[in-house]
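Summary of the model geometry
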Amino acid sequence: MPDHNSSAYGTTTQRVLAIPEILELVFSFLDGGEKSRCACVCKQWSEVALDALWRDVDDLRRLFGLLALIESPLAPEDSDRFVRPIEPSDWSRFMRYARRIRTLSVLPADDERIRGAHVFDEVARTRTTFNILPKLSTLTWTSELRERLRSSLMFMHENIKHFAVKLIPSDDYPLSVYFQEIPLRMPKLSTLDLRFTFPVRDIEANLCELIAALPELQKIVLPKFTYSAKIIEQLSASPSIRVIQFEYYESQGSGDASDVHNWFPVLQEGAFPSLIDLSVSVHLPHMVRFLNAEFAPSNLQCLYVHVLYIVPPYQLHEFADSVARILPHLTQLHIDFVGDPSPLMFRTRLSDDDRVTLGTLRPLFKLSKLKELVINWDAPLALKQSDIEELASNMPSLEILFLSNEPIPCPQAPPLTLRALIPFAQHCPKLRELALYLDASTADLDEASRELRASLPPIRFRNLKKLQFGLSRIAEPEPVALFLSQLCPPGCAVDAGVSWYGGFSALQAESPEDAQVLVNMWGQASDWYPRWMEVNHMLPLLTKVRIEESARRRELEREVEDLRIRCRLYEERVDAGIPQDGGCIAL
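Here's what I pulled together on the structure shown here.

**Comments concerning the overall build of the protein chain**
From N to C terminus, the protein chain includes 19 helices and 21 strands. Out of the 587 residues belonging to the protein chain, those deemed buried represent 47%. Within the protein chain, contacts between residues separated by at least 24 positions form 79% of all contacts whose residues are at least 6 apart in sequence. A total accessible area of about 28,900 Å² is found for the protein chain, and carbon and sulfur atoms account for 52% of it.

**Overview of the pattern of salt bridges**
Going through the model one piece at a time under the given rule, you end up with 23 salt bridges. In this structure, Asp 80 engages Arg 115 in a salt bridge whose closest nitrogen and oxygen atoms are separated by 3.7 Å. You can see Asp 80 sitting in the loop between β2 (70–71) and β3 (81–82) and its partner Arg 115 sitting in the loop between α7 (110–113) and α8 (118–126), a full 35 residues away along the chain. When sorted by exposure, Asp 80 lands in the same class as Arg 115, which is buried. Close ionic contact of Glu 390 with Arg 362 constitutes a salt bridge, the shortest N to O distance being 2.9 Å. Residue Glu 390 is found in helix α15 (residues 385–394), and its partner Arg 362 is found in the loop between α14 (358–361) and β14 (372–376); the two are separated by 28 residues along the sequence. Given the relative accessible area of 28%, Glu 390 is considered partly exposed. In this structure Arg 362 comes out as partly exposed when scored by relative accessible area, which is 37%.

**Let's talk about the packing of aromatic side chains**
Evaluation of the coordinates by the stated rule reveals 12 aromatic pairs. Aromatic pair Phe 64 and Phe 120: ring centres 5.8 Å apart, planes at 90°, arrangement edge-to-face. Placement of Phe 64 in helix α5 (residues 60–64) and of Phe 120 in helix α8 is noted, with a sequence separation of 56 residues between them. Assessed through its relative accessible area of 0%, Phe 64 is described here as buried. The buried category is assigned to Phe 120, whose relative accessible area is 2%. Ring centres 5.3 Å apart and planes at 80° place the aromatic pair Phe 246 and Tyr 248 in the edge-to-face group. Taken together through their ring pairs, the aromatic side chains of Phe 64, Phe 120, Trp 141 and Phe 155 make up a single cluster. Geometry around Trp 54 places Arg 62 over its ring, the cationic atom sitting 3.9 Å from the centre.

**A short note on the packing of helix α12 (residues 284–292) against helix α13 (residues 313–326)**
The N-to-C vectors of α12 and α13 enclose an angle of 25°; their axes lie 9 Å apart at closest approach. Taken together, α12 and α13 sit at an angle that is classed as roughly parallel. The interaxial crossing formed by α12 with α13 has left-handed handedness. Between α12 and α13, the contacting residues are Leu 284, Pro 285, Met 287, Val 288, Leu 291 and Asn 292 on the first element and Gln 315, Leu 316, Glu 318, Phe 319, Ser 322, Val 323, Arg 325 and Ile 326 on the second. In the contact of α12 with α13, the residues fall into 9 nonpolar, 3 polar and 2 charged.

**Quick word on a nonpolar patch on the surface**
Nonpolar side chains collect at one region of the surface, where Ile 19, Ile 22 and Val 26 lie side by side and expose about 200 Å² of accessible area between them. When you line up the elements, Ile 19 lands in the loop between α1 (4–17) and α2 (20–27). Residue classification places Ile 19 among the partly exposed positions, given a relative accessible area of 36%.

**Comments concerning the pairing of strand β11 (residues 302–307)**
With 6 of its 6 residues buried, β11 lies for the most part within the structure. Residues Cys 302, Tyr 304 and His 306 point to one face of β11 and Leu 303, Val 305 and Val 307 to the other, with burial holding for every one of them. Sheet topology note: the strand β10 (residues 277–282)/β11 ladder contains 6 bridges and is parallel. Looking at the pairing, Ser 279 lines up with Tyr 304 of β11. With α12 bridging β10 and the parallel β11, this β-α-β connection has right-handed handedness. Relative to strand β12 (residues 332–336), β11 is paired through 5 bridges, and the arrangement is parallel. Residue pairing in the sheet places Val 305 in a bridge with Ile 335 of β12. Traced from β11 through α13 to β12, the parallel crossover comes out right-handed.

**Brief notes about unusual backbone geometry**
Within the chain, Phe 272 stands out as a residue other than glycine whose phi angle is a positive 50°. Tracing the backbone through its elements, the reader meets Phe 272 in the loop between β9 (243–247) and β10. Non-glycine residue Ser 404 carries a positive phi angle of around 45°. Within the fold, Ser 404 resides in the loop between β15 (400–403) and α16 (421–427). Take Ser 404: its relative accessible area is 1%, and that puts it in the buried class.

**Here we look at α8**
Listed as buried for α8 are Val 119, Phe 120, Glu 122 and Val 123. Taken end-on, α8 shows its buried residues confined to a sector of 165°, consistent with a single buried face. Where the residues of α8 are buried, they touch α5, β2, β3, α6 (88–98) and β5 (138–141).

**Brief notes about the nonpolar core**
Of all hydrophobic cores here, the largest spans 160 residues; its most connected members are Leu 63, Phe 319 and Phe 424. Setting aside anything within four residues of it in sequence, one finds Leu 63 in contact with Trp 54, Val 57, Phe 94, Ile 101, Leu 104, Leu 133 and Phe 155.

The rules we used
Residues numbered from 1 in each chain as written. Predicted model: local features only at pLDDT ≥ 70, side-chain atom pairs only at ≥ 80, totals over all residues. Heavy atoms only, no water. Helix = DSSP H or I, 4+ residues; strand = E, 2+ residues; numbered from the N terminus. Buried < 20%, exposed > 50% of the residue type's maximum accessible area, 1.4 Å probe, protein only. Contact = heavy atoms within 4.5 Å. Areas by Shrake-Rupley, 256 points an atom, 1.4 Å probe, with all protein chains shown as cover. Salt bridge = Lys/Arg side-chain N within 4 Å of Asp/Glu carboxyl O. Phe/Tyr/Trp six-rings, centres within 6.5 Å; stacked < 30°, edge-to-face > 60°. Lys NZ or Arg CZ within 6 Å of the ring centre and 35° of its normal. Axes fitted to C-alpha atoms, helices over the stretch in contact; angles between N-to-C directions. Parallel < 35°, antiparallel > 145°, perpendicular 65-115°, else oblique. Left-handed = near helix turned anticlockwise from the far one by under 90°. Nonpolar A, V, L, I, M, F, W, Y, C, P; charged D, E, K, R; others polar. Patch = residues over 30% accessible without salt bridge, like charges linked within 9 Å, V, L, I, M, F, W, Y side chains within 5 Å. Pairing = 2+ DSSP bridges. Right-handed = clockwise from strand over helix to strand, strands pointing away. Arc of directions from axis to C-beta. Core = buried A, V, L, I, M, F, W, Y, C linked by side-chain atoms within 4.5 Å.

Written out as structure tokens, the structure is:
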């Protein structure tokens, strides 16, 4: 007999796999070889599989190999070459695949895959159309060879929206000329990502002209220390710019901090009509002046300030007050001191005047839409348990909160303990990441656990995915893990350590005595990290046991309540003088 169920299943499967969007989703999980084999199944699969196979290209040798085989000479100083001259029929075959390419990334690895300029010259000479990748929308060019920068021009055209390039100065091909080519060939750019390792002042005038020539530019990404006052002024006149961003990554490069020391941009009426995300490296008082100036951007939703130099707490308070008054729509605020260019200076004692308190940050309570607050400061914040309770109760919408969890260490233990987690679990239900600097002492864990057990409804984090403790002290991982299992949901991870570039070796001491204290603290910190990792290892199992225990307790409570009801009904029946005939009491 025919298997009707199997036939129906096969028919349904065939119909589903005939939907191009479903096929495209399936093929996205395959590697290049598997996509190639899928392209040989049938004509319908071939088109979808080839689209998936060639959508994103990051190997120029593979791309140019569509024209003809490329051979590498034995001598390393010689150029790679095509094995034969390129013919028009080769370009016809090439275009069948070229029209599928949406993203092209020319990476440093391509400097070795294709040596010399012969292959590029041959492609440029023989091409039969100006746009050899007509549907390309994203072009990334990060070759380390300065003579290869000009070759990127052959891939540029008006349909490209996103462009990233590593700039390497050359006497043969000035960057000023290259900047003129970009808007002429790619006038509709919406994202511009420039990577370089020289002072921005060397290209400042040309970069301003480039920005002015890109009216549809929405996002610009530069290295750190490159958003000088003149560049900010030019960007303020851009009608479409929404995101001004810099990156710390080594691959992004770095400018010269002296270019942003005197940061006093002058804005005109109508400045930054579309800006919602701003990242800059500045001296904090200069940022306060910028925010309070006439025509400052007031519709910002994200603000990242890389602080060049540590300032007294009163100046941080002035910044917080300005942000709260001028940026009511802010959802993300980062205040970041990373020890660059100002060094990370270790001190054995900190005066109260140098400590950031809750009063310093209290103006931020006015930001009702704030979801992400990250503060990385040089010293531990001077916060008490009562301060944490006030902060958590006034900022219930927080989803990410970092309170200087990686400060420059000091010998004195922080006043906060693990009990500081309770207010956040109680008042911030949307919290996904929390980073604190505290002393994971066991002294008050019993009292804190009793507080949790007595609370109704139970106090627990609902959405927490990660707890970060930075340089927090820990002596015993077992009781800490037991306590956290009462608060954390399943899947929550615990992390610790420092993210400074160079770690503890980046710290400088003010005196030989301080240097010796620092060595001792480094020895202690090297013990804290594995203990926190042990907590992270134990927490999932303990959390699972806690949840199962709670479920059993609730079941027992329901059974006990059921018995109480039965007993009460039985007693009421006896009191009413109803004969005991052995009948059942139906509930």
